[in-house]
Amino acid sequence: MLNFWKSLAFTTKFSAIAFFVTAALGLLSMGALGAGLYYPVSFFFKSYPTLNHWSGDWVWPAMIFVGMFWAVGFIFGGLLWHYASKIIASKIVLRILYILVLWLWAGILWYSMISKNVAQL
């Protein structure tokens, strides 16, 4: 098992560790991570009320859900890095793509939460 871990690329190791740490933080932060992830993607949702005006039983679980499931974005980013590194040599471009995946994933998660609960906004 240790040989398998050593054989992995740095980005794969980073993505795996970040997945577990972020999933735990999403739960342990009690929604703070999810709320924090809303702000960088909030301009996508200009036609909806802001986070400060949300109310109802869905808000807190949605923040916890987004915080925990944002961790999957690290796996997506790691996969993208793995395959894109075969055609892109620039580490800077790969890092930008990795961050872009995380940012878009946060937007997708918040879109799914808002669209599912739009009647309660």
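Up top you'll find the structure we're talking about.
Let me sum up the structure you'll find in this document. (Residues numbered from 1 in each chain as written. Predicted model: local features only at pLDDT ≥ 70, side-chain atom pairs only at ≥ 80, totals over all residues. Heavy atoms only, no water.)

**Digging into the overall build of the protein**
Line of reasoning, step 1. Along the backbone of the protein there are six helices and zero strands.
Line of reasoning, step 2. Start at the N end of the protein and walk to the C end: the helices and strands fall as α-α-α-α-α-α.
Line of reasoning, step 3. Judged by the C-alpha coordinates and their principal axes, the protein covers about 50 × 30 × 20 Å.
Line of reasoning, step 4. Looking at the 121 residues of the protein, the share that counts as buried comes to 34%.
Line of reasoning, step 5. Total accessible area computed for the protein in this model is approximately 7700 Å², and 74% of it derives from carbon and sulfur atoms. (Helix = DSSP H or I, 4+ residues; strand = E, 2+ residues; numbered from the N terminus. Buried < 20%, exposed > 50% of the residue type's maximum accessible area, 1.4 Å probe, protein only. Areas by Shrake-Rupley, 256 points an atom, 1.4 Å probe, with all protein chains shown as cover.)

**Side note on the side chain of Thr11**
Line of reasoning, step 1. Take Thr11: it is sitting in helix H2 (residues 10-28).
Line of reasoning, step 2. Among the residues examined, Thr11 registers a relative accessible area of 11% and is labelled buried.
Line of reasoning, step 3. When neighbours within four sequence positions are excluded, Thr11 is seen to be in contact with Trp81 and Tyr98. (Contact = heavy atoms within 4.5 Å.)

**Concerning the nonpolar core**
Line of reasoning, step 1. By size, the foremost hydrophobic cluster in this structure holds 26 residues, and its most contacted members are Tyr38, Trp54, Trp70 and Trp110.
Line of reasoning, step 2. Elements with a contribution of two residues or more to this core: helix H3 (32-41), helix H4 (59-69), helix H5 (72-84) and helix H6 (91-116).
Line of reasoning, step 3. The leading source of residues in this core is H6, at nine residues. (Core = buried A, V, L, I, M, F, W, Y, C linked by side-chain atoms within 4.5 Å.)

**A few points about H4**
Line of reasoning, step 1. Within H4, burial applies to Val59, Ala62, Met63, Ile64, Val66 and Gly67.
Line of reasoning, step 2. Buried positions along H4 lie against H2, H3 and H6.

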